[in-house]
Amino acid sequence: MNQPLLSIVIPTYNRPEKLTELLTSVRDQSGLRKNKSIFEIIIRDNNSDINIEDTISVFKNDLSIKFSKNKTNIGGIKNLFKVCIDANGKFVFLMSDDDLLCKNTLSKIFNILKKYPEIGVISGPQKCQDDNAVKQCNKIVFNKNNKDILLGKGYDAFINLFLRATSISGLIINKDLVDINGAKKHKNSLYPQIYLVGKATKTHQAYYFSDPIVKIRINEKKYWEYEADFNAEAIVNVLKSLTKDVSWGKKAYKKIIKQRILYSYAPLKLQRLKTTSDFINTIKALSKIEDYRHSIIF
């Protein structure tokens, strides 16, 4: 059997309804019959209480699906690592089990993979959906024409896709560049995929679509852990590990820290709309992080 070009990897747990919607969005892709033989879907169930196999069986005639189930719940991050290791494709396409592919996403990706077979990372904006509306998010505008862009390896690709990788769905990475051992050093963070994308862009070009390729759901959750701003601290630690050994590392580090601080104002605003005490606690948490505290922006 020939190696598939693409593996869509889906770690899942106790969300059969959402998983059904995701698989339906894959099955409904344009040109599916033409491309069916060059991609696979890898699903690893993190020991759900619900029978996930029944959900998957509905799609097995239309999609090439390989399913496995952990004997115990090993946590979301370890399950992500395992499903990446399970992948047989030349490229892995990371998807959360509650998100969806936009129309024509796969045909667009296949075209780029065939045109740039040595590409390191492919990504693009997302559509964000909550109960009230759908909007575009995680969009990077590189030029006035707002066209797709090929990013040069190293600094160019790294600074533009590093923070995009905070959201897992819609990240496509060359399997040979998926450094699971390196990512395991950041297993206690929420963002090991940032490491995977950042490591790949250090040595390989990246491609960024101008239009959204996935639709993500906005879940109700806290943006901050007030005692130690877990999210920001994790990002800083990954950034330090990836920029310490390259000539452009200091420049990239400073630029991304600046971007991250500016992006912090969105959740800060949300906290201010809730209660003054939450807002003050968030400010205190950010001020504990040395890289933030020493910035003139902060």
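Just so we're clear, the structure is a prediction, and the values are computed from it rather than from any experiment.

Caption draft 1: Seen up close, the overall build of the protein. Helices and strands together make up the secondary structure of the protein, namely 13 helices and twelve strands. Expressed as a percentage of its 298 residues, the buried residues of the protein come to 50%. Accessible area for the protein stands at about 15200 Å²; split by element, carbon and sulfur atoms hold 48% of it.

Caption draft 2: Here's a closer look at the packing of aromatic side chains. According to the stated counting rule, one finds six aromatic pairs in the structure shown. Their ring planes at 35° and their centres at 5.3 Å tell us that Phe158 and Phe162 sit as a pair that is tilted. By relative accessible area, Phe162 is classed as buried at 1%. Three or more aromatic residues joined by ring pairs make a cluster, and in this case those are Tyr155, Phe158, Phe162 and Trp248. The ring of Phe209 is capped by Lys108, whose NZ or CZ atom sits 4.9 Å from the centre of that ring. The ring of Tyr155 carries the charged tip of Lys251 above its face, separated from the ring centre by 4.7 Å.

Caption draft 3: Main features of the pattern of salt bridges. Summed over all chains, the structure comprises eight salt bridges. Of the charged contacts in the structure, one is a salt bridge between Asp245 and Lys202, with a shortest N-O distance of 2.9 Å. You can see Asp245 sitting in the loop between helix H9 (230-243) and helix H10 (249-263) and its partner Lys202 sitting in helix H8 (residues 192-203), a full 43 residues away along the chain. Owing to a relative accessible area of 54%, Asp245 belongs among the exposed residues under this scheme. Looking at Lys202, the relative accessible area reads 15%, which means it is buried. Here the residues in one salt-bridge network are Arg15, Asp97 and Asp98, joined through shared partners.

Caption draft 4: Structural view of the pairing of strand S10 (residues 171-174). Because side chains alternate across S10, one face comprises the buried residues Leu171 and Ile173, and the other comprises Ile172 and Asn174, equally buried. Inspection of the sheet shows strand S4 (residues 91-94) paired to S10 by four bridges, in the antiparallel sense. Paired with Leu94 across the strands is Leu171, a residue of S10. Strand direction decides the pairing type here: strand S6 (residues 121-123) and S10, joined by two bridges, are antiparallel. Bridging across to S10, Val121 finds its partner in Ile173.

Caption draft 5: Representation of the sheet that holds S4 within the structure. Pairing is mixed across the open sheet formed by eight strands, whose spatial order is S3-S2-S1-S4-S10-S6-S11-S9. A strand with exactly one partner marks an edge of an open sheet, and here the two such strands are strand S3 (65-69) and strand S9 (149-151). If you compare each strand with its neighbour and ignore which way they point, the axes differ by 20° on average. Alignment of S6 against strand S11 (residues 206-208), held across three bridges, turns out to be parallel. What sits directly across from Val121, in S11, is Ala206. Sitting on the sheet, helix H5 (residues 105-115) is in contact with strand S1 (6-12), strand S2 (39-45), S4, S6, S10 and S11, with an inclination near 130° to S1. In this fold H8 packs onto S4, S6, S10 and S11, with an angle of close to 50° to the strand it touches most, S10.

Caption draft 6: Focus on unusual backbone geometry. The backbone of Asn14 sits at a positive phi, close to 55°, despite the residue not being glycine. When you line up the elements, Asn14 lands in the loop between S1 and helix H1 (16-27). Asn14 gets classed as partly exposed once you look at its relative accessible area, which sits at 23%. Look at Asn104: it is not a glycine, yet its phi comes out positive at around 65°. Within the secondary structure layout, Asn104 lies in the loop between strand S5 (100-101) and H5.

About the cut-offs
Residues numbered from 1 in each chain as written. Predicted model: local features only at pLDDT ≥ 70, side-chain atom pairs only at ≥ 80, totals over all residues. Heavy atoms only, no water. Helix = DSSP H or I, 4+ residues; strand = E, 2+ residues; numbered from the N terminus. Buried < 20%, exposed > 50% of the residue type's maximum accessible area, 1.4 Å probe, protein only. Areas by Shrake-Rupley, 256 points an atom, 1.4 Å probe, with all protein chains shown as cover. Phe/Tyr/Trp six-rings, centres within 6.5 Å; stacked < 30°, edge-to-face > 60°. Lys NZ or Arg CZ within 6 Å of the ring centre and 35° of its normal. Salt bridge = Lys/Arg side-chain N within 4 Å of Asp/Glu carboxyl O. Pairing = 2+ DSSP bridges. Axes fitted to C-alpha atoms, helices over the stretch in contact; angles between N-to-C directions. Contact = heavy atoms within 4.5 Å.

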